[in-house]
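Per-entry structural report
Here is what each chain is made of, one letter per residue.
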Amino acid sequence: AQSVSQHNHHVILSEAASLELGCNYSYGGTVNLFWYVQYPGQHLQLLLKYFSGDPLVKGIKGFEAEFIKSKFSFNLRKPSVQWSDTAEYFCAVNPTSGTYKYIFGTGTRLKVLA
Amino acid sequence: DVKVTQSSRYLVKRTGEKVFLECVQDMDHENMFWYRQDPGLGLRLIYFSYDVKMKEKGDIPEGYSVSREKKERFSLILESASTNQTSMYLCASSPPPGQGDNSPLHFGNGTRLTVT
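Reference entry: report on the structure contained in this document. These figures come from a predicted structure and were not determined experimentally.

Centre-to-centre distance and the angle between the planes together describe a pair of aromatic rings. The final tally for this structure, using the stated rule, is 15 aromatic pairs over all chains. A ring pair is formed by B:Tyr35 and B:Phe107, whose centres lie 6.2 Å apart and whose planes are at 50 degrees; its orientation type is tilted. A residue pair is termed long-range when its members are at least 10 positions apart, and B:Tyr35 in strand β5 (residues 31–38) and B:Phe107 in strand β11 (residues 106–107) qualify at 72 residues. Under the relative-accessibility criterion, B:Tyr35 is labelled buried at 1%. B:Phe107 gets classed as buried once you look at its relative accessible area, which sits at 5%. Chaining the aromatic ring pairs together yields one cluster made of A:Phe34, A:Tyr36, A:Phe51, A:Tyr102, A:Phe104, B:Phe33, B:Tyr35, B:Phe48 and B:Phe107.

Shown next as structure tokens:
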């Protein structure tokens, strides 16, 4: 079955620390990849997306993610986190062949200490 | 900007009640989705619809049904609410793959349902 794994469930960092959140998926075909963020009390918002082309994609608020096809990974990075990055982060996969389904990981709760 | 509106932010219902959760989107999107979000489990797809009157089961459809009579509206129905359906319910919409600006899912604010 198709699945998305986020190995870090809770991450606590100090401001200015670097962030990397792991995301791996299991699907043999072509996929679209996404990271969504949910700030406290707010709805899920798109952080960045990968459809094709350059495997290093940049999103909003200084986030970036790298698609490594051989590793089935799409890790999220930010060189220097801020207190306002405290949120829950979800990786999602959308297989491109004939399905409208989006498969989500279990999420990573990030807490940034001021 | 796409707007997905869920009719209630918080809802408290009793076991056995029939519950309707409503969702409306204003961007003429073909696809609409209902997810439930639980701590440690992420988002799990309940049902989705890719056209009016069309629906497909997601990963956890048991105990739920849906209705899509109009393109902009997608309703989730709990036929007989149970305590294990206490959760946050998220509605989302998207255009078909390859259309528009390849925008992915747009989410509503969620409905936190408590079944007592």
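The final tally for this structure, using the stated rule, is 12 salt bridges over all chains. Put simply, A:Glu64 and A:Lys58 hold a salt bridge, and the shortest N to O gap is 2.9 Å. One salt bridge connects B:Asp28 with B:Lys71, and the closest N-O pair in it is separated by 3.2 Å. Note that B:Asp28 is positioned in the loop between β4 (23–25) and β5 and B:Lys71 in the loop between β8 (64–70) and β9 (73–78), a separation of 43 residues in sequence. You can call B:Asp28 exposed: its relative accessible area is 53%. Where salt bridges share partners, they join A:Lys58, A:Glu64, A:Glu66 and A:Arg77 into one cluster.

A separate point is the interface of chain B and chain A. Tallying the contact residues gives 24 residues for chain B and 17 residues for chain A. Three residues stand out in chain B for area buried against chain A, namely B:Leu43, B:Pro104 and B:Phe107, and they jointly supply 27% of the buried area on that side. Summed over the shared surface of chain B and chain A, the number is zero salt bridges. At the surface where chain B touches chain A, the tally comes to five residue pairs in polar contact (both at pLDDT 80 or more). Breaking the side of chain B that touches chain A down by element, the ones donating at least two residues are β5, β6 (42–51) and β10 (87–94) of chain B. It is β6(B) that provides the largest number of residues to the side of chain B that touches chain A, a total of five residues. Class assignment for the residues of the side of chain B that touches chain A results in 12 nonpolar, nine polar and three charged.

Criteria and cut-off values
Each residue is numbered by its place in its chain's sequence as written, counting from 1. Working convention: letters from A go to chains and numbers from 1 go to ligands, in the order in which they are written. Residues qualify for local features only when their pLDDT is at least 70, as the model is predicted, and side-chain atom pairs are given and counted only at 80 or more; totals for whole chains, interfaces and linings, by contrast, use all residues. To obtain the side-chain values, all non-hydrogen atoms of the structure were included, while hydrogens and water were left out. Any two rings among Phe, Tyr and Trp, with Trp reduced to its six-membered ring, count as a pair given centres within 6.5 Å; such a pair is stacked if its planes are under 30 degrees apart, edge-to-face if over 60, and tilted if neither. A helix here means a DSSP run of H or I that spans at least four residues, while a strand means a run of E at least two residues long, and both kinds are numbered starting from the N terminus. Under the scheme applied here, a residue whose accessible area is under 20% of the maximum for its type counts as buried, over 50% as exposed, and between as partly exposed, the area being computed with a 1.4 Å probe on protein chains only. Here, a salt bridge means any side-chain nitrogen of Lys or Arg that lies within 4 Å of a carboxyl oxygen of Asp or Glu. Contacts: residue pairs with any heavy atoms within 4.5 Å of one another. Note on terms: buried area is the combined drop in 1.4 Å-probe accessible area of two parts once they are placed together, counting the loss on both. Residues adjacent in sequence count toward polar contacts only when both atoms are side-chain atoms; beyond that, a polar contact is any pair of N or O atoms within 3.5 Å, and within protein one must be able to donate a hydrogen and the other to accept it. Gly counts as polar in this scheme, as do all residues outside two lists: the nonpolar Ala, Val, Leu, Ile, Met, Phe, Trp, Tyr, Cys and Pro, and the charged Asp, Glu, Lys and Arg.

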